[in-house]
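Topology and contacts: notes
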Amino acid sequence: MALKENLNHFLEELKGTQANLVAVSKTKPVEMLTELYETGWRAFGENKVQEMQEKYEAMPKDIQWHLIGTLQTNKIKYIVPFVYLIHSVDRLKVLKEINKQAAKIDRVIDCLLQIHIAEEETKSGFDYSEAKALLQDNDLLQSLPNVRIKGLMGMATYTEDMDKVRKEFKGLKAFWERMKLETSASNIDLTELSMGMSGDYQIAVEEGSTLIRVGSAIFGQRDYADS
Ligand SMILES: *Cc1c(COP(=O)(O)O)cnc(C)c1O
């Protein structure tokens, strides 16, 4: 019951904005996902391949599975058959491996480039300059026809300083807008801007997020710290 209310709270809040929601269910049991599923909810986010795969197998097949965590290339093959959107493409090697595995089963996988916008070194992703070089490399992108770059993802610095968070989101939004104008590869379609989590989604939505990834504010605190 509480889960449904938490979800509805978000849906109310997002009404009239450009943002949609991914319910981040990492570490939470299938029973909790099922509770949301039964209210009609379909968009779930997981950060680990094995956990997402197990939940995929246990749950109905019309769920949209969003992978939001760092990928090891040797595990990509396990999610490529069913993943809906990969938010966390943080290096070229990952994009190439997604393309390779997707080609084998004749799928085109929607991906977001994760951009490093935070101060912390621990958060992965492309720098702006690296992302720009990749997005403008039409020859390279043409060689990866089984991926489609649907947008960008970023995680702000973990801080109380909301001005800093806002600045980081603003920077990512501006880069996204610029890249929409300055890219032309046929497998780029920059419609999504994935930014905002439980602690900073309001700022992210104000700054133009199209997809917020919310875990603990819907499902409650996780038992163990897990980025
Ligand atoms: C865990 C996680 C989230 C959700 O975090 P909450 O603070 O629980 O909302 C969002 N994005 C990524 C990449 C995550 O790993």
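Placed above this text is the structure.
Residues numbered from 1 in each chain as written. Predicted model: local features only at pLDDT ≥ 70, side-chain atom pairs only at ≥ 80, totals over all residues. Heavy atoms only, no water.

**Looking at the overall build of the chain**
Defined as follows: A run of DSSP states H or I qualifies as a helix once it reaches four residues; a run of E qualifies as a strand once it reaches two. Both are numbered from the N-terminal end. Contacts are assigned to residue pairs with any non-hydrogen atoms lying within 4.5 Å of each other. To be clear on the numbers: accessible area is Shrake-Rupley with a 1.4 Å probe, and residue cover counts the displayed protein chains and nothing else. Charge assignment: positive for Lys and Arg, negative for Asp and Glu; neither His nor the chain ends contribute. The atoms used to mark charge sites are NZ of Lys, CZ of Arg, CG of Asp and CD of Glu.
Assigned secondary structure in the chain consists of 10 helices and 8 strands. Referenced to the eigenvectors of the C-alpha coordinate spread, the extents of the chain come out at roughly 50 × 45 × 35 Å. Of all intrachain contacts in the chain linking residues separated by at least 6 positions in sequence, the fraction that spans at least 24 positions is 60%. For the chain, the computed accessible surface area is about 10900 Å², with 48% contributed by carbon and sulfur atoms. Both charge centroids of the chain, one from 29 positive and one from 35 negative side chains, sit 4 Å from each other.

**Here's the deal with helix α3 (residues 49–58)**
Just so we agree on the cut-off: Only protein chains enter the accessibility calculation, which uses a 1.4 Å probe; a residue whose area is less than 20% of its type maximum is buried, one above 50% is exposed, and one in between is partly exposed. Our arc is simply the arc of the directions from the helix axis toward the C-beta atoms.
Among the residues making up α3, those that are buried are V49, E51, M52 and K55. The buried residues of α3 occupy an angular sector of 165 degrees when the element is viewed end-on, so they sit on one face. With respect to the buried face of α3, the exposed residues turned more than 90 degrees away are Q50, E57 and A58.

**Focus on the environment of C111**
Looking at where C111 falls in the secondary structure, it is placed in strand β5 (residues 109–115). Distance from C111 to L11, taken between C-alpha atoms, is 24 Å for residues 100 residues apart in sequence. Here C111 is in contact with L85, I86, V89, L95, I98, V147, R148, I149, K150 and G151, once residues within four sequence places are set aside.

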